[in-house]
Amino acid sequence: MTEAAITVTGVDRIFGKGRKEVVALRDVDLTVADGEFVSLIGPSGCGKSTLLRLVADLDTATSGDIRVFGKVARQARLDQDYGIAFQQAGLLPWRTVTGNIELPLKLHGADASLRKARVAELIELVGLTEFAKSHPDQLSGGMQQRVAIARALAESPRLLLMDEPFGALDEITRERMQNELVRICAETGAAVLFVTHSIPEAVFLSDRVVVMSPRPGRITGVVDVRADGLTGAHDRTERARDEEGFFRAVADVRALLHGGEGALAETGPAGVDSVDVR
Ligand SMILES: Nc1ncnc2c1ncn2[C@@H]1O[C@H](COP(=O)(O)OP(=O)(O)OP(=O)(O)O)[C@@H](O)[C@H]1O
């Protein structure tokens, strides 16, 4: 069996002390298989970003163990085993699209010819070849986010960590970006841990949707959308949005979000309107 992309075991993250103590995560266990797409969903403050930050080694767990491809999170960061994309694209305004995408390669000493070839490949992958020389302020929000994704993919990571990367986009652009992300993941085979507030987004993109609840932040359930009849994320096409399995999975995630543990058995079908859990 191949090594899991992420293994989180018995993780607690407690901020502050005494009366100011906030238990952001309590006893969280999570495994993301190599090549698997897993979304984290739950109400504001349930610890989604905290969990992602721990995996990215941007923060340290109070207790428990986190492995990325079998390595401690710090080693995985040093080895650049993952790429990161956040809600704000975080591009450098004075650099062109090419300049932004090649930055990680430059920082890590890749030579100019290798950089040029890789950046051309990535720009094509995210459909921005015509904008290679543009600056971020000449791009739409969706295009900026595509640049950020290309940058995250620059060093061919086997894992992407994404925190609401499409949260600031309008609904039409957002769906288009979701379609592109599905395609990019199929092409690269990367595993993804993806934070979102949107149930349809989580269902459309994922193999599994992990539902969290706040105070203390913990995992209350996991919906395997393949069990609801959808294909695996790497074989997903836009048609999935109209399939029965999609609606079943949306209903399952919603039931867990609103009913907590044990909710799945008690609920009937649901539509996909009113699905942002912020
Ligand atoms: N650096 C910090 N210091 C103190 N408390 C923190 C810190 N970071 C997060 N928290 C608290 O931990 C809890 C979880 O926060 P987190 O940002 O992970 O939630 P979230 O589920 O990502 O929320 P949202 O959906 O609003 O982004 C919250 O109660 C938050 O206030």
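Starting from 1, residues in each chain are numbered consecutively following that chain's sequence as written. In view of the model being predicted, local features appear only for residues whose pLDDT reaches at least 70, and side-chain atom pairs are presented and counted only at 80 or more, with totals across whole chains, interfaces and linings using the full set of residues. Values shown for side chains rest on all heavy atoms present in the structure; no hydrogens or waters enter the calculation.

- You'll find the protein chain entered in an unreviewed UniProt entry as ABC transporter ATP-binding protein, with Nocardioides bizhenqiangii given as the organism.

Observations concerning the overall build of the protein chain
Logical step 1: A run of H or I in DSSP becomes a helix once it reaches four residues, and a run of E becomes a strand once it reaches two; helices and strands are each numbered from the N terminus. Scanning the protein chain from terminus to terminus reveals eight helices and ten strands.
Logical step 2: The quantity called the radius of gyration is restricted to C-alpha atoms. Its globule counterpart is 2.2 Å times the number of residues to the power 0.38. In terms of overall size, the protein chain behaves like a compact globule, its C-alpha atoms giving a radius of gyration of 19 Å where 278 residues would be expected to give roughly 19 Å.
Logical step 3: Judged by the C-alpha coordinates and their principal axes, the protein chain covers about 55 × 45 × 40 Å.
Logical step 4: Relative to its full complement of 278 residues, the protein chain shows a buried share of 52%.
Logical step 5: By definition, residues are in contact when any of their heavy atoms lie within 4.5 Å. Pairs at least 24 residues apart make up 68% of the contacts formed inside the protein chain by residues separated by at least 6 positions.
Logical step 6: Shrake-Rupley sampling with a 1.4 Å probe provides the accessible areas, and residues are treated as covered by the protein chains on show and by no other component. Just so you have it, the protein chain exposes about 12900 Å², and 50% of that area is on carbon and sulfur atoms. Throughout this description, buried means an accessible area under 20% of the type-specific maximum (1.4 Å probe, protein chains only), exposed means over 50%, and partly exposed covers the range between.

A short note on the site of the ligand
Logical step 1: The environment of the ligand is made up of Phe15, Val22, Ala24, Pro43, Ser44, Gly45, Cys46, Gly47, Lys48, Ser49, Thr50 and His197.
Logical step 2: The definition of a polar contact used here is a pair of N or O atoms within 3.5 Å, where within protein one atom must be able to donate a hydrogen and the other to accept one, and adjacent residues in sequence count solely through side-chain atom pairs. The contact in question runs from an oxygen atom of the ligand to an N or O atom on the backbone of Gly47, over 3.0 Å.
Logical step 3: Interatomic distance of 2.5 Å between a side-chain N/O atom of Thr50 and an oxygen atom of the ligand.
Logical step 4: When the ligand sits alone it has 630 Å² of accessible area, and the protein chains cover 59% of it.
Logical step 5: When residues of the shell around the ligand are traced back to their parent elements, those giving at least two are strand S2 (22–32) and helix H1 (48–55).
Logical step 6: Ranked by residues supplied to the shell around the ligand, first place goes to H1 with three residues.
Logical step 7: Any residue that is not Ala, Val, Leu, Ile, Met, Phe, Trp, Tyr, Cys, Pro, Asp, Glu, Lys or Arg is counted as polar, Gly included; the first ten are nonpolar and the last four charged. For the shell around the ligand, the residue count by class is five nonpolar, six polar and one charged. We call a residue near a molecule or strand whenever a single non-hydrogen atom of that residue lies within 4 Å of it.

Quick look at the nonpolar core
Logical step 1: Val203 and Val253 are the most contacted members of the largest nonpolar core, which has 53 residues in total.
Logical step 2: Of the residues forming this core, the biggest block, seven residues, is contributed by helix H5 (residues 141–153).
Logical step 3: With sequence-adjacent residues up to four places away left out, Val253 is seen in contact with Ile41, Ile199, Val203, Val209, Val211 and Val223.
Logical step 4: Residue types Ala, Val, Leu, Ile, Met, Phe, Trp, Tyr and Cys, when buried and joined through side-chain atoms within 4.5 Å, form a set referred to as a nonpolar core. Of all hydrophobic cores here, the second largest spans 29 residues; its members include Val8, Val38, Leu40 and Tyr82.

Topic: the sheet that holds strand S6 (residues 82–86)
Logical step 1: Taken together, the six strands give an open sheet; going across it, the order is S6-S7-S8-S3-S9-S10, and neighbouring strands pair in mixed fashion. Each end of this open sheet is capped by a strand with a single partner; those strands are S6 and strand S10 (218–224). Between one strand axis and the next, the sheet turns through 15 degrees on average, direction left out of account.
Logical step 2: As defined by bridge partners, strand S9 (residues 208–213) adjoins S10 across six bridges and the pair is classed as antiparallel. Looking across to S10, one finds that Met212 is bridged to Ile219. At least two bridges found by DSSP between two strands are what make those strands a pair. Axis lines are fitted through C-alpha atoms, for helices just across the contact stretch, and the angle between N-to-C directions can take any value from 0 to 180 degrees.

Focus: the UniProt feature "domain: ABC transporter" (unreviewed entry) in the protein chain
Logical step 1: UniProt positions are given in the numbering used here, feature names are shortened, and annotations may be inferred rather than shown by experiment. The UniProt entry lists residues 6–239 under the feature "domain: ABC transporter" (unreviewed entry), expressed in the numbering used here.
Logical step 2: Annotation note: span residues 6–239, helix share 33%, strand share 27%, distance between end C-alpha atoms 29 Å.

A few points about the sheet that holds strand S4 (residues 63–68)
Logical step 1: Spatially, four strands are ordered S2-S1-S4-S5 in an open sheet, and the strand pairing comes out antiparallel. Only two strands of the sheet have a single partner each, and these edge strands are S2 and strand S5 (71–72).
Logical step 2: Where strand S1 (residues 6–15) lies against S4, five bridges are found, and the strand directions are antiparallel. Counted as the bridge partner of Thr9 is Asp65 from S4.
Logical step 3: With respect to the sheet, H1 is in contact with S1, S2 and S4, its orientation differing from that of S1 by roughly 120 degrees.

What to know about H5
Helical geometry note: an α-helix holds 3.6 residues per turn, so side chains three or four residues apart project in the same direction.
Logical step 1: What a helix should span is 1.5 Å times the count of its residues minus one. Given a rise of 1.5 Å per residue, 13 residues ought to cover 18 Å, and the 19 Å separating the end C-alpha atoms of H5 matches this to within 8%.
Logical step 2: Of all 13 residues in H5, eleven are buried; the element is thus mostly enclosed.
Logical step 3: On its buried face, H5 sits against S6, helix H3 (97–107), helix H4 (112–125), strand S7 (159–163) and helix H6 (171–188).

Side note on the pairing of strand S8 (residues 191–196)
Logical step 1: Of all six residues in S8, six are buried; the element is thus mostly enclosed.
Logical step 2: Alternating residues of S8 divide into Ala191, Leu193 and Val195 and Val192, Phe194 and Thr196, and every residue in both groups is buried.
Logical step 3: Where strand S3 (residues 37–41) lies against S8, five bridges are found, and the strand directions are parallel. Looking at the pairing, Phe37 lines up with Val192 of S8.
Logical step 4: For the crossover from S7 across H6 to S8, the handedness is right-handed. When the strands point away from the viewer and the connection leading from the first strand across the helix to the second strand turns clockwise, the crossover is called right-handed.

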